[in-house]
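# Reading the structure
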Amino acid sequence: MIPIEYYLSLSAFMFIVGVVGVLTRRNAIIVFMSIELMLNSANLTLVAFSSYLGNPIGQIFVFFVMTVAAAEAAIGLAIIISLFRNKKTVNIDEINILKW
Amino acid sequence: MIPTALEFQLLLPVLIIAAGILISLIIEMFSSKSEKILPWFSIALFVSTAYYSLLTVGHERIIFNSMLAAGGTANIFFFVFTFGAAIVTLISIDYIKKIGMYYGEYYILLQSAVLGMMLMANAQDLVMIFMGLEQMSVCFYILAGFNRKKIKSNEAAMKYFLLGAFATGFIVYGIALMYGVAQTMSIPAIANGLLIYSDNIIFVAGLLLFIIGFSFKIAAVPFHMWVPDVYQGSPTSITALMSTGGKAAAFSSLLIIFTPLFATTQSTLFQPYLVVIATLSMLLGSIVAIAQTDLKRMLAYSSISHAGYILIGVAAGSELGIASVIFYLSAYTFMNLGTFGIISMIENKDEGNLSLNDYSGLGNKKPMLAALLAIFMFALAGIPPFAGFFGKYYVFIAAIESNLTWLAIVGVLSSVISIYFYLRVVVVMYFQKDENILNVEDSSPALLGIMISALLVIVMGIAPGSIINLISNFVK
């Protein structure tokens with residue numbers, strides 16, 4: 001059996017990749033993909049712990065997280081589309097009419 | 001275990017709102033005049049829930065297999081959320097017609113957001129906190145971008161969405177790490193083993209990530225960068241709810257997590273973190289607000305600095321600290337709702353009339369509105385005898401009792417700075433010559449909502465002692 005440390009390291013790595021992606025990428029859709037990567041790394045952690053501890057709560061929570069991620073994807077893409085209709089860009093640096 | 005009838009009865013505030021959402025959906029589906037019916041239906045729903053929450057505030061109990069709490073502080077938060085949402089609905093009635101987003105769905109989303117806030121305030125399980133938070137946030141993402149023809153609203157929605165989802169990532173990962181150590185998501189169960197877990201680096205890292213995620217939601221520096229843009233770009237009525245109910249809900253979840261921690265010998269584990277973000281939020285919010293000319297953006301920075309004051313109460317970690325946080329949140333809710341209500345009345349349909357100079361001469365043209373706005377500005381600045389003063393007073397007392405005197409001094413300094421930009425609004429209204437023609441459309445529902453908030457601000461300022469005693473009874 002693969003030790004749990006491997007899963008935890010992989011998910012920590014995925015989480016960091018997601019955070020770095022959010023902070024460095026400038027395309028709204030890629031930023032959003034990075035956020036999904038963060039959520040999925042949390043899911044991997046939950047499933048690994050759940051299987052390792054023999055405790056089902058973690059796996060149940062993963063379903064909640066997946067549902068929420070799906071809802072967020074629907075809302076997020078809708079917001080990006082409505083922005084694109086008005087502005088014709090999804091580059092975060094160009095979306096800057098609000099500032100002082 | 002099957003829940004008993006009593007448990008359903010104790011959960012009635014949440015159930016009323018949930019049933020109301022379903023009924024509103026049916027009204028919206030079958031009625032062509034849903035925009036006219038739904039606001040009054042929502043107000044009835046919110047007010048009856050607020051009344052029932054206060055009525056059952058003494059029935060404290062853990063219900064639904066220790067998933068939710070009923071009574072006590074949860075019900076006080078219910079009252080703040082639902083009564084605040086009722087005022088927001090009153091403000092919205094004419095406002096959404098004016099700026100061209102006159103759809104019935106608006107009220108359904110408002111109700112759903114309030115349901116999410118309520119679940120955050122009475123959760124006893126990390127799953128419930130997460131679900132409540134997401135229910136609230138997803139509704140706010142939509143509402144922030146509700147005016148979808150306006151690019152400002154689009155931009156606010158996208159920034160709010162990206163940063164909000166980013167914070168959610170932190171919260172979920174934090175929950176996952178805490179679960180791995182504690183083997184449970186039930187907060188009372190985690191609280192029982194807190195002394196053992198708090199030596200475990202994975203658990204502490206998880207808790208820290210969780211708290212960082214919530215620092216985004218409460219708009220504390222350095223996680224505040226979305227706040228000014230989102231508050232400025234969103235429809236004003238939504239900004240009103242986001243800056244009050246949304247913030248209060250995030251703080252209620254933080255209190256649920258922190259209260260068991262305070263009871264242990266490890267109570268100062270996160271104090272350095274809280275003290276640092278409280279100091280930064282207070283000072284940065286107050287100083288940057290001075291430079292703002294747009295009133296909504298100025299209030300966004302003021303909201304950041306208020307988050308700092310509230311964090312002082314959380315950092316104090318005593319019973320008085322928690323009670324003062326709840327008092328401050330209720331006072332802040334009604335002060336801010338009134339202010340945004342007045343801004344939404346003065347705003348014109350092209351989202352103009354929002355800068356400070358547009359308010360010049362308001363004292364002559366609309367004496368009523370100007371007087372009310374002056375009350376709210378005095379209250380936000382923390383000038384007695386209004387609610388804002390006593391909110392700050394109790395928070396600072398709590399800090400001094402917990403040996404955080406210097407933090408209270410920083411708080412006093414920051415509120416002295418903040419008096420400048422709040423009173424500037426009053427000066428512009430009464431003493432500056434008016435160069436522009438201000439057309440304010442009268443709106444009696446909005447005026448009613450603003451007057452109710454003013455009344456509450458004054459009542460909380462006149463009788464703060466009895467209210468803080470009521471809250472303290474329920475803080476363990």
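This text follows the structure it describes.
Note that the structure is predicted; figures quoted are calculated from it, not measured.

## Some words on helix α18 (residues 387-401) of chain B
Residue and element names in this part refer to chain B. In this model, α18 (15 residues) spans 21 Å end to end at C-alpha, consistent with the 21 Å of a helix rising 1.5 Å per residue. Buried within α18 we find A387, G388, F390, G391, K392, Y394, V395, F396, A398 and A399. The secondary structure elements touched by the buried residues of α18 are α14 (295-316), α15 (319-346), α17 (367-381), α19 (405-431), α20 (444-462) and α21 (464-474). With its phi angle positive at about 60 degrees, N403 sits one or two positions after the end of α18.

## Structural notes on the pattern of salt bridges
All chains considered together, the criterion is met by five salt bridges over all chains. Between D93 of chain A and R26 of chain A there is a salt bridge, and its shortest N-O distance comes to 3.0 Å. Here the residue D93 of chain A occupies a position in the segment after α3 (57-87), and R26 of chain A occupies one in the loop between α1 (4-24) and α2 (28-53), the gap between them amounting to 67 residues. On the basis of relative accessible area, D93 of chain A is assigned to the partly exposed category, the value being 46%. With relative accessibility at 31%, the residue R26 of chain A sits in the partly exposed group. Across the pair E155 of chain B and K159 of chain B runs a salt bridge, and its minimum N-O distance is 2.8 Å. In this pair, E155 of chain B and K159 of chain B are both assigned in helix α7 (residues 151-182), four residues apart and thus about one turn of the helix distant.

## A closer look at unusual backbone geometry
Excluding glycine, most residues fall at negative phi; most peptide bonds, likewise, are trans. Residue and element names in this part refer to chain B. With an omega of 5 degrees, the peptide bond between V221 and P222 qualifies as cis. Phi at N65 takes a positive value of approximately 50 degrees, unusual for a residue other than glycine. Among the secondary structure elements, N65 is positioned in the loop between β1 (61-63) and β2 (68-70). A positive phi angle is found at N403, which is not glycine, with a value near 60 degrees.

## Let's talk about a nonpolar patch on the surface
Residues and elements named next belong to chain A. Taken together, the side chains of I2, Y6 and Y7 make up a nonpolar region of the molecular surface, amounting to roughly 330 Å² of accessible area. Mapped onto the elements, I2 comes out in the segment before α1. For I2, a relative accessible area of 46% corresponds to the partly exposed category.

Basis of the calculations
Residue positions within a chain follow its written sequence, with the count starting from 1. Key to labels: chains lettered from A, ligands numbered from 1, both in the order written. Only residues with pLDDT of at least 70 are given local features in this predicted model, and only at 80 or more are side-chain atom pairs given and counted; all residues enter the totals for whole chains, interfaces and linings. Values shown for side chains rest on all heavy atoms present in the structure; no hydrogens or waters enter the calculation. Think of it this way: any DSSP run of H or I at least four residues long counts as a helix, any run of E at least two long counts as a strand, and we number them from the N terminus. Expected span of a helix: the number of residues minus one, times 1.5 Å. A 1.4 Å probe rolled over the protein chains alone gives each residue an accessible area, and that area as a share of the maximum for its type sets the label: buried under 20%, exposed over 50%, partly exposed in between. Pairs of residues are marked as contacts when any of their non-hydrogen atoms sit within 4.5 Å. A side-chain nitrogen of Lys or Arg and a carboxyl oxygen of Asp or Glu constitute a salt bridge if their distance falls within 4 Å. What makes a patch is a set of residues exposed beyond 30% relative accessible area and free of salt bridges, joined within 9 Å when like-charged and within 5 Å when nonpolar (Val, Leu, Ile, Met, Phe, Trp, Tyr). Only the protein chains shown count as covering a residue, and every accessible area follows the Shrake-Rupley method with a 1.4 Å probe.

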